[in-house]
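Descriptive structure summary
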Amino acid sequence: ESISTAYEYGTTHWGNCCYADIADGSTVSPALPSTVGLRISGVGNVPLPILGHQANKIKSMSTTNGGGPVFEIDADEIKIQNPQWETSLEKLVETVAYKLGVLPSYLSAELDKLLYVEKGGHIERGSDNEDVL
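Counting restarts for each chain: residues are numbered from 1 in the order of the written sequence. Local features in a predicted model are, by the rule used here, given only for residues with pLDDT of at least 70; side-chain atom pairs are given and counted only at 80 or more, and totals for whole chains, interfaces and linings are based on all residues. Values reported for side chains reflect all heavy atoms of the structure, with hydrogen atoms and water molecules removed beforehand.

Let us look at the environment of Leu48. In this description a helix means any DSSP run of H or I spanning at least four residues, a strand means any run of E spanning at least two, and both kinds are numbered starting from the N terminus. Secondary-structure assignment places Leu48 in the loop between β2 (44-46) and α2 (52-61). In this structure, the C-alpha to C-alpha distance between Leu48 and Val36, residues twelve residues apart in sequence, is 8.0 Å. Here, two residues are considered to be in contact whenever any of their heavy atoms come within 4.5 Å of each other. Discounting residues that sit within four places of it in the chain, Leu48 has contacts with Val36 and Leu38.

Burial of nonpolar side chains together is a common tendency in soluble globular proteins. We define the nonpolar core as a collection of buried residues of types Ala, Val, Leu, Ile, Met, Phe, Trp, Tyr and Cys that are connected through side-chain atoms lying within 4.5 Å of one another. Accessibility here uses a 1.4 Å probe with only protein chains present; expressed as a share of the type maximum, an area under 20% marks a residue as buried, one over 50% as exposed, and anything in between as partly exposed. Formed by 14 residues in total, the largest nonpolar core has its most connected members in Leu38, Ile40, Ile58, Ile73 and Leu114. What Ile40 contacts, discounting residues up to four positions off in sequence, is Val46, Ile58, Met61, Ile73, Glu77 and Leu114.

Moving on, we get to the sheet that holds strand β5 (residues 78-80). Read across the sheet, three strands follow the order β2-β1-β5 without closing on themselves; strand pairing throughout is antiparallel. The open sheet has two edge strands with one neighbour each: β2 and β5. For this sheet the average axis-to-axis angle between neighbouring strands, irrespective of direction, equals 30°. By definition, two strands form a pair when at least two bridges between them are found by DSSP. Two elements, strand β1 (residues 38-40) and β2, share three bridges in a ladder whose sense is antiparallel. For every element, the axis is a line fit to its C-alpha atoms; helices are fit only across the contacting stretch, and the angle between N-to-C directions ranges from 0 to 180 degrees.

On to the pattern of salt bridges, then. By definition here, a salt bridge exists when the distance from a side-chain nitrogen of Lys or Arg to a carboxyl oxygen of Asp or Glu is within 4 Å. Applying the stated criterion across every chain, the model contains two salt bridges. We note a salt bridge from Glu118 to Lys59, for which the minimum N-O separation is 2.8 Å. Taken together, the residues Glu118 in the segment after β6 (113-117) and Lys59 in helix α2 connect sequence positions 59 residues apart. Lys113 is paired through a salt bridge with Glu72; the nearest N and O atoms lie 3.7 Å apart. Of this pair, Lys113 sits in strand β6 while Glu72 sits in strand β4 (residues 70-74), placing them 41 residues apart in sequence.

It is the rolling of a water-molecule-sized probe over the atoms that shows where space remains empty. Grid points spaced at 1 Å and placed over the protein atoms alone form the basis of the search, with a cavity being a set where a 1.4 Å probe fits but cannot get out and a pocket an open set showing protein on both sides within 12 Å along at least five of seven lines. Lining residues have an atom within 4 Å of a point. Grid points are joined across faces, edges and corners, and a volume is the space filled by probe spheres set on the points. There is about 330 Å³ of room inside the second largest pocket. As for the second largest pocket, its lining consists of 15 residues, of which Val36, Ile80, Trp85, Leu111 and Leu114 are closest to the centre. Mapped by element, the contributors of at least two residues to the lining of the second largest pocket are β5, α3 (85-100) and β6. Residues are grouped as follows: nonpolar covers Ala, Val, Leu, Ile, Met, Phe, Trp, Tyr, Cys and Pro; charged covers Asp, Glu, Lys and Arg; every other residue, Gly included, is treated as polar. In terms of residue class, the lining of the second largest pocket is built from 13 nonpolar, no polar and two charged.

See the structure below:
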């Protein structure tokens, strides 16, 4: 696309390509809550990091994906129970949009599936969802 077409979707407040994020993992960007409140149908409440018995339940009800020990659960089986999660996610999407130089209305964050990757596993990037870049 041309720059003029890209600018049409952008803002007058061009981003800074995340220069304010710090290499040690800390950030000045809005952060998601440290407690997710993850609940998986058939497993129950799942703390992070995942406990062994819960990992076994997740594996037993999952389909495999990718190379190695990778298991996936569809989004309709997952609930995020932390009431702060959605608001924090919206703020993060707005920050990412700003840093990319686009209007927040052009971005969204939606749960598609949960991937559980064990040691030695890897995810094969595919084109199963054309809406995901």
